[in-house]
Each structure stands twice: as C-alpha cells, then as structure tokens.
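Observations on the model geometry
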Amino acid sequence: MTPTKTARLTIDDKTYDLPMYSPTLGPDVVDIGKLYAQADVFTFDPGFTSTAACDSTITYIDGDKGELLYRGYPIEQLAEQSHHLEVCYLLLYGELPTKTQLVDFEARVTRHTMVHEQMHYFFRGFRRDSHPMATMVGVVGAMSAFYHDSTDIADPWQREVAAIRMIAKLPTIAAMAYKYSVGQPFVYPKNSLSYAGNFLHMCFAVPCEEYVVNPILEKAMDRIMMLHADHEQNASTSTVRLAGSSGANPFACIAAGIACLWGPAHGGANQACLEMLREIGTVDRIPEFIARAKDKNDPFRLMGFGHRVYKNFDPRAKVMKESADEVLGLLGVENNPTLQVAKELERIALEDDYFISKKLYPNVDFYSGIILDAMGFPTSMFTPIFALSRTVGWISQWKEMIADKNQKIGRPRQLYIGATQRDYTAVATRG
Ligand code: CMC
C-alpha cells in the first residue's frame, strides 16, 4: 500500500512522521506499526474503537449514514433481489456469480450438507438440556477431528473444501442441536430443497408425517441469513481472525467465533431481546423498562438497541421490521402482542432524549426474534441461526487473512498498571 498523507505525532520534543493510507470508503488510517520501535510508546484503544486491525475488501459499514455494503452492493438491494447462497458466493469470491458459477456453487454446497454419520453419536455425549449454542461450539470445534483432510491451511484446495463444508454443514449441525434438545430424531438434509428451505425442513420435519416448507417462511429465513451474513470486523469476526492468525485450523477458528457470538452484547442479543419483549408483555409497562434502561445504577439495557458502529438506523433492522410485518401478516398473526410491544417500544425510545443523545437505534436483533418466534423457533435457537448465517462471513474473512502476505500473528500490547517487581516471601511469614 502506498501512503497518501503523513500524520505528525509530537512526544516531548520529538516529532514522528506516521504514514497514512486512504481507503476506497471511510476514514483515512494512520499507520502506527513502527511507532513502538521508533518512539518506545504503545497506543491505547480498549475495545478497538478507533483501530483498524486489518485491511479488507469484503464488507463496508458507514455507521453515521446507516449503510451496509457487501463487496460494494447495498444490503437492501441484496435482501430484495438476491438470495443467501448467491450472497455466500459474493462474499467468498468477491463478485456476483454467473449463472453457471452459481449452479456449480449451489451443487457443491448441497453435496456437502450431510455430516459424518459418527457425528450423530458425538451429539449424544451432550446433555439433552444443553443450550444449542453450547452444542454448536463443541460440535463445530470437533469438525477438525471429523474432517482432518481439510485442516491444512497452507493448501488452498483444503481451505476451499473447509469453507464449503462449513457453509453446507452449519445449518445441519444447528438443526441437529435443536432436534437433540427437544428429544426428536435428527432429520437428514434434503438436497431438492433450497438452503433456507432445507434448514426449516431439518428443524421441523418429523419421520411420522409429511413436512411441506412454507414458501413465505422459506423466503423470510433466507433473508435473515443474508442480513446476518457478514458485518466487517465485529467481535466474533475479529475472534476468528485472531484465532486464525496463529495458524489454527478453520474449524477451530469458527468454533471460537461461535463462542464469542454467544454473548448477549453480540449475537446473544436476539434471544435476550425477545425475552425482554415478553417480559415487558404489554404496552403500558414500556415506560418502566425505558426508565430502567436510563438508570445508571441499573445494569439493564434495552436489548436490540444500540450498536458500536451504527449511530443511525441499522439498515438490517429496517429490512427486518418489514419482514416481521410481512411474515406475521401472511401468517395471520399481525396482532402478535410481542410485535405490538416492539413497535411501541421503538417509537417511545426514538422520541426519548436519552436514546436520541446517545444515538441508540434498533439493531438487527430487535425484530429478528419476532420473526423466528412466529416461525416456531424457541428463543434458544435464535443465536445458532445467527451463527449459521454468519459462517460465510467468518470464513470469507478468514480466507482473506490467510491469503494476505503481510499477515502476522495477532498480539495486542497493554498498558500495565499492576505491581512493579517485588520479592517472593514464604507463606509462613505472610501473617
Ligand atoms: N440501552 C440503554 N443504554 C445503552 C444501550 C442500551 N441498549 N446501549 C448503549 N447504551 C448507553 C450506555 O449505557 C452508554 O451510556 P454512558 O455513555 O452514559 O455510559 C452509552 O450508551 C454508550 O454505550 P457503550 O456500551 O459504551 O457502547 P458500545 O459501543 O460499547 O456498545 C452495544 C454497543 C451493542 C454493546 C450496546 O449498545 C448494547 O449493549 N446494546 C444492547 C445489546 C444488543 O442489542 N446487542 C446487539 C448488537 S447488534 C448485533 C451484534 O453485534 O451481534
């Protein structure tokens, strides 16, 4: 990369020139990579609020405008006109596929949807009441044992096979985690169905009766998958990159990403949000919860509100809200009390000074749970669905990192504020 500008940093009486680079979109970056060697100082940025950890060509977010682009294409256009497997191709390879490329890609993914038969026995080691995310962290990590022939990260062919395997098998694994938790038999994938339709089938079919995929739910599921497919350097993606920077195999890295996603500040927010909306229950209780969210002494936060990057509407939330209206309307449950509470809560919060001044808007998790609930998913499946949808993003980012010649092991520094060196004393003398 060629520097476009120079930043000048003065410490005491010395000045350091720092190269700057200009992106195709977004703010310029100051390269501090040699600062420690030159000036013997570190930079300090807990939570990486101002630090670019890599360069990337995959996803761009403009948080002020509320804009999200996958490889340059606006999320609204993709949600309206594309479908999840085409978006997977776009994220993985950088361009929209030709018709032939798409047919070939879909065939490759479809041929990999089944999991190794022995995995069925592996599942049985988990307690029946395990959270499906707990099962997924374990099973995806174990994929490196089941698919050892695609763990050599130096081999581009193995990297490609691992990517296809994960995109294909994560829905199967998530559906198996669900079936296991409700005590029903696993349902094998059906290759005649679409990616989203097959997932619904694996979750809701039972051997004793015919299951017909509802096309409305299939479309809504596919849209949820597209909206969650990537989100640049968020916590779980950064976890995948950091794990991968040591040379760890891709299955282990994605398992690390799933573990990170589970937290309620990240992907776990969709479960927490629906549970919160249900706890609120009726519109008249909203002021009580708004007051709690504003109270500095109360740890309660309005789940599904706020975002590290978006200081405007999360564009995914807008599409999700439309989808919620559409799905609940078509299912004839538009008077769903949870949807009514969500809409009123959004309206009240968006007029409240606290939320306005802090630029807190609904995020992707605010409406997704309502749709998933209407589809028949328990709240514990919301985050696994986020995880299987985000798998393509994680894998695309991981592949980009591995192919980067300048890639190094991730190794942040620290501002040490602990004890200075002191001498050990024997326990008997410590009083
Ligand atoms: N409800 C009430 N107050 C909030 C909320 C909220 N949801 N979110 C942020 N704030 C307040 C926060 O208390 C702080 O106030 P103050 O400046 O007085 O200390 C201020 O807004 C800034 O918050 P922050 O925690 O410093 O901001 P952040 O960028 O570190 O956190 C966030 C972003 C998403 C973790 C946070 O907004 C949050 O916890 N939201 C609720 C959980 C949620 O919906 N997460 C899903 C995010 S989108 C999907 C995903 O990433 O997976």
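Residues numbered from 1 in each chain as written. Predicted model: local features only at pLDDT ≥ 70, side-chain atom pairs only at ≥ 80, totals over all residues. Heavy atoms only, no water.

1. A look at the site of the ligand
- In the vicinity of the ligand there are 22 residues, among which His 266, Lys 296, Leu 302, Gly 304 and Lys 358 approach most closely.
- Here a nitrogen atom of the ligand and a backbone polar atom of Ala 265 are 3.0 Å apart.
- Alone, the ligand offers 940 Å² of accessible surface; in the complex the protein occludes 74% of this.
- Among the residues making up the shell around the ligand, the classes are represented as 11 nonpolar, 6 polar and 5 charged. (Near = heavy atom within 4 Å. Polar contact = N/O pair within 3.5 Å; in protein donor to acceptor, adjacent residues only side chain to side chain. Areas by Shrake-Rupley, 256 points an atom, 1.4 Å probe, with all protein chains shown as cover. Nonpolar A, V, L, I, M, F, W, Y, C, P; charged D, E, K, R; others polar.)

2. What about the pattern of salt bridges?
- Inspection of every chain in the model, using the stated rule, returns 20 salt bridges.
- Between Arg 108 and Glu 160 there is a salt bridge, with the nearest N and O atoms lying 2.8 Å from each other. Remark: Glu 160 occurs in helix H7 (residues 156-182) and Arg 108 occurs in helix H4 (residues 99-111); sequence separation between them is 52 residues.
- For the salt bridge of Lys 321 with Glu 346, the shortest nitrogen-to-oxygen distance reads 3.2 Å. Residue Lys 321 is located in helix H14 (residues 315-330), and its partner Glu 346 is located in helix H15 (residues 337-350); the two are separated by 25 residues in the primary sequence.
- Given the relative accessible area of 27%, Lys 321 is considered partly exposed.
- Overall, the relative accessible area of 6% leaves Glu 346 in the buried class. (Salt bridge = Lys/Arg side-chain N within 4 Å of Asp/Glu carboxyl O. Helix = DSSP H or I, 4+ residues; strand = E, 2+ residues; numbered from the N terminus. Buried < 20%, exposed > 50% of the residue type's maximum accessible area, 1.4 Å probe, protein only.)

3. As for H14
- In this model, H14 (16 residues) spans 23 Å end to end at C-alpha, consistent with the 22 Å of a helix rising 1.5 Å per residue.
- Residues of H14 that are buried sit in contact with strand S5 (67-70), helix H2 (75-81), helix H9 (215-227), H15, helix H17 (365-375) and helix H18 (382-403).
- Positioned one or two residues after H14, Gly 332 has a phi angle of 75°, which is positive. (Expected span 1.5 Å × (residues − 1). Contact = heavy atoms within 4.5 Å.)

4. Section: the packing of H9 against H14
- Across the interface, H9 lies against H14 with an axial gap of 10 Å and an inter-helix angle of 170°. One element, H9, and the other, H14, form an angle in the roughly antiparallel class. The element H9 and its partner H14 pack so that their crossing is left-handed. Note on element contacts: H14 touches H9 through Arg 316, Val 319, Met 320, Ser 323, Glu 326, Val 327 and Leu 330, opposite Ile 216, Leu 217, Lys 219, Ala 220, Arg 223, Ile 224 and Leu 227.
- Looking at the contact of H9 with H14, its residues break down into 9 nonpolar, 1 polar and 4 charged. (Axes fitted to C-alpha atoms, helices over the stretch in contact; angles between N-to-C directions. Parallel < 35°, antiparallel > 145°, perpendicular 65-115°, else oblique. Left-handed = near helix turned anticlockwise from the far one by under 90°.)

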